[in-house]
Amino acid sequence: MTYCLGILTTSGLVMAADSRTNAGVDYISTYQKLFDFSVPGERVIVICTAGNLSITQEVLTLIRRDLKGQLEHNLNSLPNMYEVARYLGGKLREVTESHRPWLAKDNIDYQCTFLLGGQIRGEEPYLYLIYSQGNFLQATPETPFLQIGETKYGKPILDRTLRFDTPVDAAAKYALLSLDSTMKSNISVGPPLDLIMYRTDSFEICHRAEFVLGDPFLVKVRQFWEASLRRAFEEMPDIEWNRRQPSPTSSMVLPTPETVVTE
């Protein structure tokens, strides 16, 4: 399992991912899940992967092969992010379908999902979630973040704090807290953590960070957040016990059998 997150705001884009993968509790490894295919000055393209590792690695191999061979359709030749999402969805569907019968035969999960974020000169930034079937959905101002992998532990903080007009610097902090909250609750998600922040119309990624196990800054963030939560809890109003709201039907007088009127 893994956890990847993309956040789209009015001022930029944040992409984040852990690096842990496992095939059971006795086989845990580290693999990169966040990949930068940007061409500075022209386009920014960042991909995060989750799911069957062999399939996602093969998709990335095909993408790199198309770039190296300068095929007609590759990440550098496509005119907009929508076409990039279609291209990536097609590659994912192609690889999934080629292996699906054999993986399904042995009850091996072949499902994969990708996050695609970026901006191509001449259009605004976009963020997509791409499924194994090749279809995809897009982040919107009403839903400015997308997740793949182990999503449930890192979602509450985003639901409560993140908005489309959140400054991208603050969105990067929310992303880091979302990853840390997931690591705290699920051992299948772990460091190193990769974090990228991109400012709209800069067409270059100037802010990236990797946080390894025991990273002093990551430890500081976790301690600060946990202390802040405890303070907030201590300042919560006490529960008002022995209170009971009247039932909505308590004041209604139900007719007896003798008073029922029939037509």
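For the structure, see preceding data.
All of the points below concern the structure found in this document. Here the structure is a predicted model, which is why all the values come from computation and not from measurement. (Residues numbered from 1 in each chain as written. Predicted model: local features only at pLDDT ≥ 70, side-chain atom pairs only at ≥ 80, totals over all residues. Heavy atoms only, no water.)

**With respect to the environment of Ser-132**
Position of Ser-132 relative to the elements: it lies in the loop between strand 8 (126–131) and strand 9 (136–138). Of the residues examined, Ser-132 reaches a relative accessible area of 5% and is grouped as buried. Ser-132 sits 40 residues away from Leu-92 along the chain, and the two C-alpha atoms are 6.0 Å apart. Not counting the four nearest positions on each side in its chain, Ser-132 is found in contact with Leu-92, Arg-93, Thr-96, Tyr-110, Gln-111 and Cys-112. Of the polar contacts made by the side chain of Ser-132, one reaches the side chain of Gln-111; its length is 3.4 Å. Of note is the side chain of Ser-132, whose polar atom sits 2.5 Å from the backbone nitrogen of Cys-112. (Helix = DSSP H or I, 4+ residues; strand = E, 2+ residues; numbered from the N terminus. Buried < 20%, exposed > 50% of the residue type's maximum accessible area, 1.4 Å probe, protein only. Contact = heavy atoms within 4.5 Å. Polar contact = N/O pair within 3.5 Å; in protein donor to acceptor, adjacent residues only side chain to side chain.)

**Overview of the sheet that holds strand 10 (residues 145–149)**
The five strands are arranged 10-1-2-11-12 in an open sheet whose pairing can be described as antiparallel. In this open sheet, the two edge strands, each paired with only one partner strand, are strand 10 and strand 12 (207–211). The mean angle between the axes of side-by-side strands here comes to 10°, regardless of whether they run parallel or antiparallel. Looking at chain direction, strand 2 (residues 12–17) and strand 11 (residues 193–199) are connected through six bridges and run antiparallel. From the neighbouring strand, Val-14 faces strand 11, where its bridge partner is Met-197. Each of strand 1 (3–9), strand 2, strand 11 and strand 12 is contacted by helix 4 (residues 168–185), which is oriented at about 165° to strand 11, the strand it contacts most. (Pairing = 2+ DSSP bridges. Axes fitted to C-alpha atoms, helices over the stretch in contact; angles between N-to-C directions.)

**Details of the side chain of Thr-2**
In this fold, Thr-2 is placed in the segment before strand 1. Among the polar contacts listed, one links the side chain of Thr-2 to the side chain of Lys-33, at a separation of 2.9 Å.

**Some details on the environment of Pro-191**
In this structure, Pro-191 sits in the loop between helix 4 and strand 11. Taking C-alpha positions, Pro-191 is 28 Å from Ala-85, a pair spaced 106 residues apart along the chain. Those residues in contact with Pro-191 that lie beyond four places of it in its chain are Ser-19, Arg-20, Thr-30, Met-183, Phe-211, Val-212 and Leu-213.

**Description of the environment of Arg-65**
By secondary structure assignment, the location of Arg-65 is in helix 1 (residues 53–68). By relative accessible area, Arg-65 is classed as partly exposed at 49%. Setting aside anything within four residues of it in sequence, one finds Arg-65 in contact with Leu-71 and Lys-91. Engagement of the side chain of Arg-65 in a polar contact is seen with the side chain of Asp-66, the distance being 3.4 Å.

**Remarks on the pattern of salt bridges**
A side chain of one charge can pair with a side chain of the opposite charge when the charged atoms of the two come close. For the structure on display, the rule yields 11 salt bridges. Between Arg-199 and Asp-169 there is a salt bridge, with its nearest N and O atoms 2.8 Å apart. With Arg-199 in strand 11 and Asp-169 in helix 4, this pair connects stretches of sequence that are 30 residues apart. Three or more residues are tied together by salt bridges with common partners; here these are Arg-65, Asp-66 and Lys-91. (Salt bridge = Lys/Arg side-chain N within 4 Å of Asp/Glu carboxyl O.)

**Looking at the pairing of strand 1**
With seven of its seven residues buried, strand 1 lies for the most part within the structure. Residue alternation in strand 1 divides its side chains into two sets, Tyr-3, Leu-5, Ile-7 and Thr-9 and Cys-4, Gly-6 and Leu-8, and both sets are buried. Two strands pair when backbone bridges link them, and strand 1 and strand 10 are joined in this way by five bridges, in the antiparallel orientation. In the sheet register, Tyr-3 faces strand 10, and the bridge partner there is Gly-149. When strand 1 meets strand 2, the two strands line up antiparallel, connected through six bridges. Within strand 2, the position partnered with Leu-8 by the bridge is Leu-13. Here strand 1 folds back onto strand 2, and the loop between the two strands holds two residues.

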